[in-house]
Amino acid sequence: MRYRVAQVGIGARGKIHADAFLQLTERFELVGLCDVDRPRLEEYAQRRGLARERLFDDAERLLQATRPDVFCFVTQPDVRLAMVQLAARYGGCNPV
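Right, let's walk through the structure included here. Along each chain, numbering runs from 1 in the same order as the chain's sequence is written. Since the coordinates come from a predicted model, pLDDT governs what is reported: local features require at least 70, and pairs of side-chain atoms require 80 or more to be given and counted, while whole-chain, interface and lining totals use all residues. Note that the side-chain values use all heavy atoms of the structure and ignore hydrogens as well as water.

## Some thoughts on the overall build of the protein chain
We apply this condition: We count a stretch as a helix when DSSP gives it H or I for four or more residues in a row; a strand needs E for two or more, and each element gets its number in order from the N terminus. Here the globule rule reads 2.2 Å times residues to the power 0.38, and the radius of gyration is calculated from C-alpha atoms. Think of it in three bands: residues with accessible area under 20% of the maximum for their type are buried, residues over 50% are exposed, and the middle band is partly exposed, with areas taken using a 1.4 Å probe on protein chains only. By the convention used here, residues are in contact when the closest approach between their heavy atoms is within 4.5 Å. Shrake-Rupley sampling with a 1.4 Å probe provides the accessible areas, and residues are treated as covered by the protein chains on show and by no other component. Counting rule applied: Lys, Arg positive; Asp, Glu negative; His and chain ends not counted. Every charge is mapped to an atom, namely NZ of Lys, CZ of Arg, CG of Asp or CD of Glu.
Helix and strand counts for the protein chain stand at four helices and five strands. Secondary structure elements in the protein chain, listed N-terminal to C-terminal, are β-α-β-α-β-α-β-α-β. In summary, the protein chain has a C-alpha radius of gyration of 12 Å against a globular reference of 12 Å for 96 residues, a match within 12%. Each principal axis of the C-alpha atoms in the protein chain carries an extent, and together these give about 30 × 30 × 20 Å. When burial is assessed residue by residue, the protein chain has 42% of its 96 residues classed as buried. Once local pairs closer than 6 in sequence are excluded, the contacts in the protein chain between residues at least 24 apart make up 62%. When the accessible area of the protein chain is evaluated, it comes to approximately 5500 Å², of which 52% is carbon and sulfur surface. Charged side chains in the protein chain number 15 positive and 13 negative. The centres of these two groups are separated by 2 Å.

Written as structure tokens, this is what we have:
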């Protein structure tokens, strides 16, 4: 089975997670990537050849547009509760 992944956060640790998803193509498809720092997000996406349509600066819009199997959030601790609540609201996706 190949899982559709949406990820929030593309800081130092987030890049490690996203790189892993992009390398493990037999198991994962990175369908969306989100960060509040749009220039950092776009710079990462350009280096990795990701389409602009996969980029978001709002986690809820990310989930609405991608409907992932896995919701990976690599964020600061004070944001994580909101990410878990979003995952619960959108059902079907498993928070990581």
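## Quick look at the pairing of strand β2 (residues 28–34)
Defined as follows: We call two strands paired when DSSP finds no fewer than two bridges between them. If the strands point away from the viewer and the path from the first strand over the helix to the second runs clockwise, then the crossover is right-handed.
Burial within β2 is extensive, with six of its seven residues counted as buried. Bridge count between strand β1 (residues 3–8) and β2: six bridges; the pairing is parallel. The residue bridging Arg4 from the neighbouring strand is Glu29, located in β2. Handedness of the crossover joining β1 and β2 through helix α1 (residues 12–23): right-handed. As defined by bridge partners, β2 adjoins strand β3 (residues 55–56) across two bridges and the pair is classed as parallel.

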